[in-house]
Amino acid sequence: MGLETNRRDRDLAIPKYREDLLNAIEKDLLGDENIVGVFYGGSLGHKNTDLYSDIDLRIVVKDDVFEEYRLNKKQRAKNWGRVLFFEDFPLSTYSVAHYNTFLKVDTFYYKVKDIQPSLWLQNIKIVRDTDSLLKNVLEKSVTLTYLPSVKDVEIWRTKFFAYVHALYRRVMRKEIHYALHCLDNLRLSMATGWYMDAGLQPNTFGDWAKLEGNRSKLTEGQLNLLEQWYSSRDTQEILEVVKNIIPEFLRVHKSLCYKLEIDENLETMEEILNMVF
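(A) Seen up close, the packing of helix α7 (residues 150-172) against helix α10 (residues 235-260). Running from N to C, α7 and α10 point in directions that differ by 170°, and their axes come no closer than 11 Å. The angle between α7 and α10 falls in the class roughly antiparallel. Our pair here, α7 against α10, has a crossing hand that is left-handed. Contact residues: α7 offers V150, V153, W156, R157, F160, F161, V164, L167, Y168 and V171, while α10 offers T235, I238, L239, V242, I245, F249, V252, H253, L256, C257 and L260.

Structure (structure tokens):
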């Protein structure tokens, strides 16, 4: 049985609100001669939207008006519906608008030169492409494959070690929220490792999007491990969960080292982990 809320009727109407918002966006943007490309990423690009999917909007503008459009990003978003609040930084090239329909639009503005073939552009929905820029970039993007680099693995494992050590310090200081934050980052590190080991582009660190739920690319066994690695505020339980994570970390680490032909350096790893356990 699903989670019952008193906002269920509103939630069931979100797909219609999303369609209305998309229509308003496209009506506003597609006639603008300074805009050379408009496309959607995220779940719209992947064609796997669910009830709560937001809109990942990408706008490519002519270079000579880019700054004008960037500065006007909030005002532009108000053309599409009633905005309750924004979250962004004034100097950034993006803006996130939250609407009264419980939808949000993540809008990024790009110069033409910023659009290059990328793994992140393999699944996009193009709605405006005046010079076939997006079509060509999409064609090149879909030929790309992901392989973690030696540098990627080094960053991944050293951050894992750092979170293990930080968690211990926070537990000893009774900084439980901080310790749980470190534990969450250890779980996220494992999801990152699983993705790298499977040849999948990991999320930006800190982003749990689509790592759980029906759209997750993780295996059932991996999802079960994430669920098992739960802890309350009890300090002994927190440390015990970390001990339970380490064998899986060592397994994934061994697999990545084998694939990239790099030294596991087991003696150093044992010394690092034995500082805590």
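Still to come is the rest of the account.
(B) Geometry of the nonpolar core. Judged by nonpolar contacts, the single largest core of 38 residues is most densely connected at F160, L167, L186, M190, W194 and I245. Only α7, α8 (176-197), α10 and α11 (266-274) provide two or more residues apiece to this core. If one sorts the elements of this core by residue count, α8 sits on top with eleven residues. The contact partners of W194, leaving out residues within four places of it in the chain, are L218, Q222, L225, L226, W229, E248, R251 and V252. Core analysis: the next-biggest nonpolar cluster, separate from the first, contains 24 residues, L21, Y40, W80 and L103 among them.

(C) Expanded view of the pattern of salt bridges. According to the stated counting rule, one finds 18 salt bridges in the structure shown. Close ionic contact of K104 with D54 constitutes a salt bridge, the shortest N to O distance being 2.8 Å. Highlighted residues: K104 in strand β5 (residues 104-111) and D54 in the loop between α3 (42-46) and β2 (55-61), separated in sequence by 50 residues. The partly exposed category is assigned to K104, whose relative accessible area is 24%. Look at the salt bridges and you will find they share partners, linking D28, D32 and R76 into a network.

(D) The sheet that holds β2, seen in detail. Here we have six strands laid out as an open sheet, ordered β3-β4-β5-β2-β1-β6, and mixed in their pairing. Each edge of the open sheet is held by one strand with a lone partner, namely β3 (83-87) and β6 (125-129). Within the sheet, the average angular offset between the axes of one strand and its neighbour, ignoring direction, is 20°. Pairing geometry for strand β1 (residues 35-40) and β2, over five bridges, is antiparallel. Residue pairing in the sheet places Y40 in a bridge with L57 of β2.

(E) Focus on the packing of aromatic side chains. Scanning all chains against the criterion turns up seven aromatic pairs. A centroid spacing of 3.9 Å and a plane angle of 5° characterise the contact between F160 and F249, whose relative ring orientation is stacked. Taken together, the residues F160 in helix α7 and F249 in helix α10 connect sequence positions 89 residues apart. Of the two residues examined, F160 and F249, each falls in the buried class. Taken together, the aromatic side chains of W156, F160, F161 and F249 make up a single cluster linked through ring pairs. Directly above the ring of F102 sits R10, whose terminal nitrogen or CZ lies 4.1 Å from the centroid.

(F) Quick look at the environment of M190. Inspection of the secondary structure puts M190 in helix α8. Put simply, M190 and K73 are 117 residues apart on the chain and 36 Å apart in space, counted from C-alpha to C-alpha.

(G) Structural view of the side chain of H98. With respect to the secondary-structure elements, H98 resides in strand β4 (residues 94-99). Among the residues examined, H98 registers a relative accessible area of 16% and is labelled buried. Apart from the residues within four sequence positions on either side, H98 is in contact with R82, V83, L84, F85, E87, L103 and K104.

(H) Looking closely at the pairing of β4. The element β4 is extensively covered by neighbouring structure, given that five of its six residues are classed as buried. As judged from the four bridges shared by β3 and β4, these two strands associate in the antiparallel manner. Among the inter-strand pairings, V83 is bridged to a residue of β4, identified as Y99. From the end of β3 to the start of β4, which pair antiparallel, there are six residues. Pairing of β4 with β5 involves five bridges; the strand directions are antiparallel.

Reading the values: the criteria
Residues numbered from 1 in each chain as written. Predicted model: local features only at pLDDT ≥ 70, side-chain atom pairs only at ≥ 80, totals over all residues. Heavy atoms only, no water. Axes fitted to C-alpha atoms, helices over the stretch in contact; angles between N-to-C directions. Helix = DSSP H or I, 4+ residues; strand = E, 2+ residues; numbered from the N terminus. Parallel < 35°, antiparallel > 145°, perpendicular 65-115°, else oblique. Left-handed = near helix turned anticlockwise from the far one by under 90°. Contact = heavy atoms within 4.5 Å. Core = buried A, V, L, I, M, F, W, Y, C linked by side-chain atoms within 4.5 Å. Buried < 20%, exposed > 50% of the residue type's maximum accessible area, 1.4 Å probe, protein only. Salt bridge = Lys/Arg side-chain N within 4 Å of Asp/Glu carboxyl O. Pairing = 2+ DSSP bridges. Phe/Tyr/Trp six-rings, centres within 6.5 Å; stacked < 30°, edge-to-face > 60°. Lys NZ or Arg CZ within 6 Å of the ring centre and 35° of its normal.

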